[in-house]
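Spelled out, the chains give:
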Amino acid sequence: MTSSAQTLTPSDFWADTADLKTLRHKLLDLFCQLAYQEGDFVLSSGQPSSYYINGKQVTLHPQGALAIGRILLSLLPPDTQAVAGLTLGADPIVSAVSVVSAYEHRPILALIIRKEAKGHGTKAYIEGPNLPEGAKVVVLEDVVTTGQSAMKAVERLRVAGYTVNQVISLVDRQQGGAEFYQSVGLEFQAVFTIAEIQERYKQI
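What you see is a predicted model; the values in this text were computed from it and never measured.

A.B. asks: Would you mind going over the sheet that holds strand S3 (residues 82–86) in detail, with residue names and values included?
C.D. replies: In space, the 6 strands of this open sheet follow the order S5-S4-S3-S6-S7-S8, with mixed pairing throughout. One side of each edge strand has no neighbouring strand; the edge strands of this open sheet are strand S5 (126–127) and strand S8 (187–193). Packing against the sheet, helix H7 (residues 194–203) makes contact with strand S7 (163–172) and S8, and its axis sits at approximately 5° to S8.

This is the structure we're talking about:
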């Protein structure tokens, strides 16, 4: 059996060398080709939807992960000490950013927030290296709808003594998440809006 990796050509390997503008465009196309679907769906929030974005189709894709790592690293404030997110959607994202940060000589730690405390050992909610009190952490998310998922991560990190003032998402579904974060004093930024993805989806 021939693996898909053997069919790739040099033009398929763009995520490590492309400038950020080109990188963003290529990543947008990946979301349209791999992650975006239209149909009848029910979201994790319980809301019905005529489309669905399976972000893991891109965040677990080799070129997608590298592009995400580079783009998100460029958006982080200079004093960021760690990135964190709620399992499972944010796991590959925080890992990608942390790995890319090492190559860029700007090491940033990755933290994963459990939905429930671990049932053994330290019974921790947060997995990853220990940080000093007040360390500045940015929460990352794949897709934001209402904003509640990433907010759970923010709350857990603050209880642990970390400073969290910002959430960055790959996609904003534009269904109240941005407004919610503003209402609780969090900065919010998304790489793509759903409108942008849908427009590009129609083109390709």
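A.B. asks: Account for unusual backbone geometry, naming residues and giving values.
C.D. replies: Each neighbour pair has its own omega, and for Thr87 with Leu88 the value is 20°, a cis peptide bond. With respect to the secondary-structure elements, Leu88 resides in the loop between S3 and helix H4 (91–103). A positive phi angle, near 60°, is found at His105, a position not held by glycine. Here His105 lies in the loop between H4 and strand S4 (109–113). Phi at Gln174 takes a positive value of approximately 55°, unusual for a residue other than glycine. Checked against the element boundaries, Gln174 lands in the loop between S7 and helix H6 (177–183). Among the residues examined, Gln174 registers a relative accessible area of 45% and is labelled partly exposed.

Rules and cut-offs
Residues numbered from 1 in each chain as written. Predicted model: local features only at pLDDT ≥ 70, side-chain atom pairs only at ≥ 80, totals over all residues. Heavy atoms only, no water. Pairing = 2+ DSSP bridges. Helix = DSSP H or I, 4+ residues; strand = E, 2+ residues; numbered from the N terminus. Contact = heavy atoms within 4.5 Å. Axes fitted to C-alpha atoms, helices over the stretch in contact; angles between N-to-C directions. Buried < 20%, exposed > 50% of the residue type's maximum accessible area, 1.4 Å probe, protein only.

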